[in-house]
Amino acid sequence: MAVKVPILKQGKVLIASIQEDLSDSDILDLQHRILEDVIRCRAEAVIIDVSAIGILDSFGTKTLSEIAYSVRLRGAKLVIVGIQPDVALSMVLLGLTLPDIPTALDLDRGLALINGG
Amino acid sequence: MQHPPDVLVQAIRYDTDVISARQLGRKRAEELGFSRPDQALVATAISELARNIVVYADQGEIELATIHQPDRVGIKITAKDRGPGIADLESALADGFSTGNSLGLGLPGTRRIVDEFDITSSPGLGVIVTVVKWSRR
Amino acid sequence: MSELISSSIAEGSGNLDLEKIFRWFDLTEEDRACTVELGELTDDVGEHIIEAFYAHLLNDETAARHFRDDAHIAQVKRGQMRYFRELVSADLNDAYVADRRRIGSIHERTGVTPTLYIGSYAYYLNRLAHVVLERMDEDPHKAFHLVMSLFKIAHFDMSLALETYVDAREEAIQARERELSELPTPVLQLRPGLLLIPVVGTLDSHRARALTVQLLEGIQEHRASAVVLDITGVAAVDSAVANHLIQTMAAARLMGALSVLTGLSAEVAQSLVKVGVTGEALNTAGDLQRGIEMAEQLLKD
């Protein structure tokens, strides 16, 4: 299967920028690759940039939190950046608030969050 | 003004069909003048309903119908499958319940983001979920 | 009782419904026939009673304020005379009901309170009752019956005006609420990264949704990292509104912005607790000043 989401390595930080609407299998594929890369690169942090996607439904959100928890179990932290206003609203109405996962407005802020503390 | 065709159907079998269905819904919502947040809600509702078909019933379809009324316009989303049906509707609609690979927020969450919600299920005959999202003119 | 009347009238004030109301007021054909006899008396003493009535009315400061000048008073007196004639002689039909209901909405608009209205009516009826008893002192029994019939009609008449008064009042309140709820909520940038949203008025679902969207778009537009949501000016916060506020802040958080809620009254705090919110999950501050300080502190951390 073609790789839909490139994962870039910047020092000890992995950046996964989702470029387009993902199917469930694409998201599961992303989950798999992020965990492999965190281990392989000894990454300290992961940023998932979702600014290009117009939907995060229950499956997408649930998988993102699973990724965050697994990354945390590896001793690294994960920040989700770029959730768009419409997406944030639908997530909250669905009851998906990701209460214990750090978020930031965009990639720059996400990097600042990781480097700042 | 010419309205676009009032009923669209997307067959649902693979998870890529879920993407097609929700993109179709978002486009239709946009054409009908839904606000951006409401477009996202229409697409999200379709996504949840279409996934249920893929996960629980193997195949089915999503039908999008337009409802024109003097003071509002609506999109009626009908999700039909020929799967095993839902034995316990009440539980399926309660937050936190899930028999498959989801958060258990699919149906109750969908109900919260639409204006009208109806579900019928007969064991062995599949499930029909009908939801409507309105937009004030 | 009011339900009986309003439902009957709302159904179209057809004969059947009026019959129902007449039964409630124990108002019979006999009563009507009785008061028609007052017709002659009306023309005879009506003017006299009305003069006395207006002297009484204008003596009261609050009541007098409703009259612009002598011409206005003269005009109202003529109307009063007509009103009085109709009270004793007109058919109590749909047209009559419609006319009496119109009076209630005029009262609501011009600020004639139920106290002023009922008080005036009572004064007027007492005067009339005395005149009737004086003029018919050869047959006090009949006079008494006549006065009782008159009172029944007068009460029926008052109920019509008051029902409309209440309806009109309710409508006016709803219209004001609608106006308030349609006020757009400003998103103010206090300084780069910090937004203030003063929420004023009634927060129904529709407006709460619009507020959330405005806030989220404001966060994106101003690249905000913190938001102060001030609800000092929110009329009522029930659990539905509390839920909307929580959702708004949760959505802001998903976009990476912290929120502080300020201006919570004791009742609001209770509503929030009812929907399951505790202070730990939510940044709250007593007043706006402290809210802004808190947001700035959060930004530094």
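## So, the environment of Arg-207 of chain C
Residues and elements named next belong to chain C.
Part 1: The residue Arg-207 is located in helix 10 (residues 205-222) in this model.
Part 2: For Arg-207, a count of 20 C-beta atoms within 10 Å translates into the label buried.
Part 3: Here the alpha-carbon distance between Arg-207 and Thr-185, two residues 22 residues apart in the chain, equals 9.1 Å.

## Quick look at the interface of chain A and chain C
Part 1: Across the boundary between the two partners, chain A contributes 14 residues, which contact 13 residues of chain C.
Part 2: Those elements that place two or more of their residues in the side of chain A that touches chain C are helix 3 (85-94) and strand 5 (103-104) of chain A.
Part 3: Counting residues per element, the side of chain A that touches chain C draws most heavily on helix 3 of chain A, at six residues.
Part 4: Among the residues forming the side of chain A that touches chain C, the class breakdown is 11 nonpolar, two polar and one charged.

## Comments concerning helix 7 (residues 94-110) of chain C
Residue and element names in this part refer to chain C.
Part 1: Spanning 17 residues, helix 7 covers 25 Å between terminal C-alpha atoms, matching the ideal 24 Å at 1.5 Å per step.
Part 2: For helix 7, every residue scored as buried is listed here: Val-97, Arg-100, Ile-103, Gly-104, His-107 and Glu-108. Looking down the long axis of helix 7, one finds its buried residues gathered within 140° of arc, a one-sided arrangement. Exposed side chains of helix 7 directed beyond 90 degrees from the buried face belong to Ala-95, Arg-109 and Thr-110.
Part 3: Remark: Gly-111 follows helix 7 within two positions and exhibits a positive phi of approximately 80°.

## Observations regarding the interface of chain B and chain A
Part 1: Listed by partner, the interface residues are 24 residues for chain B and 18 residues for chain A.
Part 2: Grouping the amino acids of the side of chain B that touches chain A by side-chain chemistry returns nine nonpolar, seven polar and eight charged.

## Focus on helix 2 (residues 58-73) of chain A
Part 1: Helix length check: helix 2 of chain A, at 16 residues, gives a terminal C-alpha distance of 22 Å against a target of 22 Å (1.5 Å per residue), a fit within 8%.
Part 2: The set of residues buried in helix 2 of chain A consists of Ser-58, Phe-59, Gly-60, Thr-61, Lys-62, Leu-64, Ile-67, Ala-68 and Val-71 of chain A.
Part 3: Where helix 2 of chain A is buried, its residues meet helix 1 (24-41), strand 3 (45-49), strand 4 (77-81) and helix 3 of chain A together with helix 2 (36-57) and helix 4 (106-113) of chain B.
Part 4: A positive backbone phi angle near 85° is found at Gly-75 of chain A, which sits one or two residues after helix 2 of chain A.

## Here we look at the sheet that holds strand 4 of chain A
Residue and element names in this part refer to chain A.
Part 1: Pairing is mixed across the open sheet formed by five strands, whose spatial order is 1-2-3-4-5. Either end of the sheet is taken by a strand with one partner, and the two such strands are strand 1 (7-10) and strand 5.
Part 2: As paired strands, strand 1 and strand 2 (residues 13-17) are joined by four bridges and run antiparallel to one another. Counted as the bridge partner of Gln-10 is Val-13 from strand 2.
Part 3: Where helix 1 meets the sheet, it contacts strand 1, strand 2 and strand 3, and its direction lies at approximately 160° from that of strand 2.
Part 4: Set on the sheet, helix 2 makes contact with strand 3 and strand 4; between it and strand 4 the angle comes to about 150°.

Cut-offs used in this document
- Residues numbered from 1 in each chain as written.
- Chains lettered and ligands numbered in written order.
- Predicted model: local features only at pLDDT ≥ 70, side-chain atom pairs only at ≥ 80, totals over all residues.
- Helix = DSSP H or I, 4+ residues; strand = E, 2+ residues; numbered from the N terminus.
- Buried ≥ 20, exposed ≤ 12 C-beta atoms within 10 Å, placed from the backbone.
- Contact = placed C-beta atoms within 7 Å.
- Nonpolar A, V, L, I, M, F, W, Y, C, P; charged D, E, K, R; others polar.
- Expected span 1.5 Å × (residues − 1).
- Arc of directions from axis to C-beta.
- Pairing = 2+ DSSP bridges.
- Axes fitted to C-alpha atoms, helices over the stretch in contact; angles between N-to-C directions.

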